[in-house]
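Structure at a glance
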Amino acid sequence: MAAVKANAYGHGLVRVARALDADAFAVAAIEEALILREAGINRPILLLEGVFEAAELPLCARHGLEIVVHHPEQARLLESARLERPVRVWLKIDSGMHRLGLDPERAPAAFQLLRACPAVAPAVRLMSHLARADERDCAYTRQQLHTFETATAGLPGERSLANSAGILGWPQTHFDWVRPGIMLYGASPFADSLASDEDLRPVMTFHTRLIAINRLRRGEPIGYGGTWTCPEEMDVGVAAVGYGDGYPRHAPSGTPVLLDGRAAALIGRVSMDMITLDLRQHPEARIGDPVVLWGEGLPVERIARAAGTISYALLCGVTARVRVEILQIPAPSPSERWERDYSTRGEDSEEESR
Ligand SMILES: *Cc1c(COP(=O)(O)O)cnc(C)c1O
């Protein structure tokens, strides 16, 4: 089940749903699900937080949307609903995240109640969410797994627990359905690794161009607040990107960009439409040179770490004014897939297995 909420983590909801051959899609709000249906996406779609009000239930029935039930109130809405068609329900159990979900002890009773409800399609499913799967060896994740297994033991429903971090780091959490999000977009869910460490490649490359190069004297301050001062006479580059595009305003001086393929450092404050760059190591720089902010060659995880945020927030924060260009990467042929998936794993060179 591919998580495509938040505009597919900033990559474009419909575009990503069309590109992925997923068994189901997961979104946070009914608005996202209706956009997918309107675009002709007819795979199952799950509302991860369920419905927020009774009026959404008939829409779910009409458009074949599946819903999470995480609270007795949502079960009551279903019990009093008269729907043209029953909806599929995923009963969410709170195994320790303590955000959404039923008390594990109430799970069996709730499961039976939902199974008997005419508005609920047969085969109720079971799910929970991991709070700390991004930590490599974490007793809390083992405890959540145990809680989920205990609460669902003997209940005849398909089960789902793992997000990207669970998929990559905790195979015992996979059950019947996995729910990858961030890894689909080629970023690592772990705080201590880069996408490349997980054999992932970035889907998004966020880039712009150099629009000015200015020679400034020693002691001249750069940008709003004058937070960075030229330690010598030097060239300062200006690139056309800022927090108005989704570049993090809190990226400090020293945050890397790739200027024409080589690392350069951000200096001064990020403004709405521009950033400034230290060009002392780039005497060959010219106006118009490409500047990569993150993506191919510059892991988004590094920028996130520098700016005190996470790759999720950077990816889904890219704003609407940024022009999107789609590069088609040809899908591997069946024989190439066989080669990639089965023949070279753990044998020949690492390179070949990719
Ligand atoms: C967003 C979300 C996911 C995907 O999480 P990633 O960390 O991006 O893989 C999975 N399950 C639920 C309930 C979510 O809200």
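Residues numbered from 1 in each chain as written. Predicted model: local features only at pLDDT ≥ 70, side-chain atom pairs only at ≥ 80, totals over all residues. Heavy atoms only, no water.

All right, on to the overall build of the chain then. The secondary structure content of the chain amounts to 11 helices and 15 strands. Oriented by its inertia axes, the alpha-carbon framework of the chain measures out at about 75 × 50 × 40 Å. For the chain, restricting intrachain contacts to residue pairs at least 6 apart in sequence, the fraction spanning at least 24 positions comes to 57%. Accessible surface for the chain amounts to roughly 18100 Å². Of this, 51% is attributable to carbon and sulfur atoms. Between the mean site of the 38 positive side-chain charges and the mean site of the 46 negative ones, the chain shows a separation of 4 Å. (Helix = DSSP H or I, 4+ residues; strand = E, 2+ residues; numbered from the N terminus. Contact = heavy atoms within 4.5 Å. Areas by Shrake-Rupley, 256 points an atom, 1.4 Å probe, with all protein chains shown as cover. Lys, Arg positive; Asp, Glu negative; His and termini not counted. Charge placed at Lys NZ, Arg CZ, Asp CG, Glu CD.)

This structure, assessed with the given rule, holds 19 salt bridges. Of the charged contacts in the structure, one is a salt bridge between Glu 233 and Arg 215, with a shortest N-O distance of 3.0 Å. Separated by 18 residues along the polypeptide, Glu 233 in the loop between strand E10 (228-229) and strand E11 (234-239) and Arg 215 in strand E8 (residues 206-216) bring together distant segments of the chain. Classification of Arg 215 by relative accessible area gives exposed; the value is 52%. Here Glu 232 makes a salt bridge to Arg 280, at a shortest N to O gap of 2.8 Å. With Glu 232 in the loop between E10 and E11 and Arg 280 in the loop between strand E14 (275-278) and strand E15 (290-294), this pair connects stretches of sequence that are 48 residues apart. For Glu 232, a relative accessible area of 38% translates into the label partly exposed. Three or more residues are tied together by salt bridges with common partners; here these are Glu 66, Arg 88, Arg 125 and Glu 158. (Salt bridge = Lys/Arg side-chain N within 4 Å of Asp/Glu carboxyl O. Buried < 20%, exposed > 50% of the residue type's maximum accessible area, 1.4 Å probe, protein only.)

We now examine empty space enclosed by the protein. Rolling a probe over the atoms, with the probe sized like a water molecule, indicates the empty space that remains. One pass over the full model with this rule turns up one cavity of 30 Å³ or more. Here the largest cavity defines a volume of roughly 40 Å³. What lines the largest cavity is simply Tyr 185, Gly 186, Ala 187, Pro 202, Met 204, Trp 294, Gly 295, Val 300 and Leu 315. Per-class residue counts for the lining of the largest cavity are seven nonpolar, two polar and no charged. Residue-level mapping places the lining of the largest cavity at the junction of two domains, with at least three residues from each of domain 1 (2-191) and domain 2 (206-316). (1 Å grid on protein atoms, 1.4 Å probe; cavity = no way out; pocket = protein on both sides within 12 Å on 5 of 7 lines; lining within 4 Å. Points joined across faces, edges and corners; volume = space filled by probe spheres on them. Nonpolar A, V, L, I, M, F, W, Y, C, P; charged D, E, K, R; others polar. Domains from an automatic or database assignment.)

This part covers the domain arrangement of the chain. Reports often express the size of an interface as the amount of accessible area lost when the parts come together. Parsing the chain into structural domains produces domain 1 (2-191) and domain 2 (206-316). Here the C-alpha centroids of domain 1 and domain 2 sit 39 Å apart. Across the boundary between the two partners, domain 1 contributes 10 residues, which contact seven residues of domain 2. Here domain 1 and domain 2 share an interface that buries about 640 Å² over both sides, 62% of which is from carbon and sulfur atoms. For the pair domain 1 and domain 2, the interface holds zero salt bridges. (Buried area = accessible area lost by both parts, 1.4 Å probe.)

Within a beta sheet, neighbouring strands are joined by backbone hydrogen bonds and run either parallel or antiparallel to one another. Taken in spatial order, the six strands of this closed barrel run E8-E11-E14-E13-E12-E15, and their pairing is antiparallel. Direction aside, the axes of adjacent strands within the sheet are offset by 45° on average. Across six bridges, E8 lies against E11 in antiparallel orientation. Within E11, the residue paired with Asn 214 across the bridge is Val 236. (Pairing = 2+ DSSP bridges. Axes fitted to C-alpha atoms, helices over the stretch in contact; angles between N-to-C directions.)

The next point concerns the site of the ligand. With respect to spatial proximity, the complete set of residues near the ligand consists of Ala 3, Lys 5, Tyr 9, Leu 48, His 129, Asn 163, Ser 164, Arg 179, Pro 180, Gly 181, Ile 182 and Tyr 312. For the ligand, an oxygen atom lies 2.8 Å from a polar atom in the backbone of Ile 182. Here Tyr 312 contributes a side-chain N or O atom positioned 2.7 Å from an oxygen atom of the ligand. In isolation the ligand exposes 390 Å². Once the protein is present, 92% of that is buried. With respect to the detected pockets, the ligand is housed in the second largest pocket. Of the residues contributing to the shell around the ligand, the split by class is six nonpolar, four polar and two charged. (Near = heavy atom within 4 Å. Polar contact = N/O pair within 3.5 Å; in protein donor to acceptor, adjacent residues only side chain to side chain. Sits in = over half its atoms within 2 Å of the grid points.)

With 87 residues, the main nonpolar core has Val 4, Leu 36, Leu 78, Tyr 247, Ile 275 and Trp 294 as its most contacted residues. Domain assignment of the residues forming this core places at least three in each of domain 1 (2-191) and domain 2 (206-316). The residues touching Val 4, leaving out its near neighbours within four places in the chain, are Leu 13, Val 16, Phe 25, Ala 26, Val 27, Leu 36 and Tyr 185. With nine residues, the next largest nonpolar core counts Ala 26, Leu 48, Met 127 and Trp 177 among its residues. (Core = buried A, V, L, I, M, F, W, Y, C linked by side-chain atoms within 4.5 Å.)

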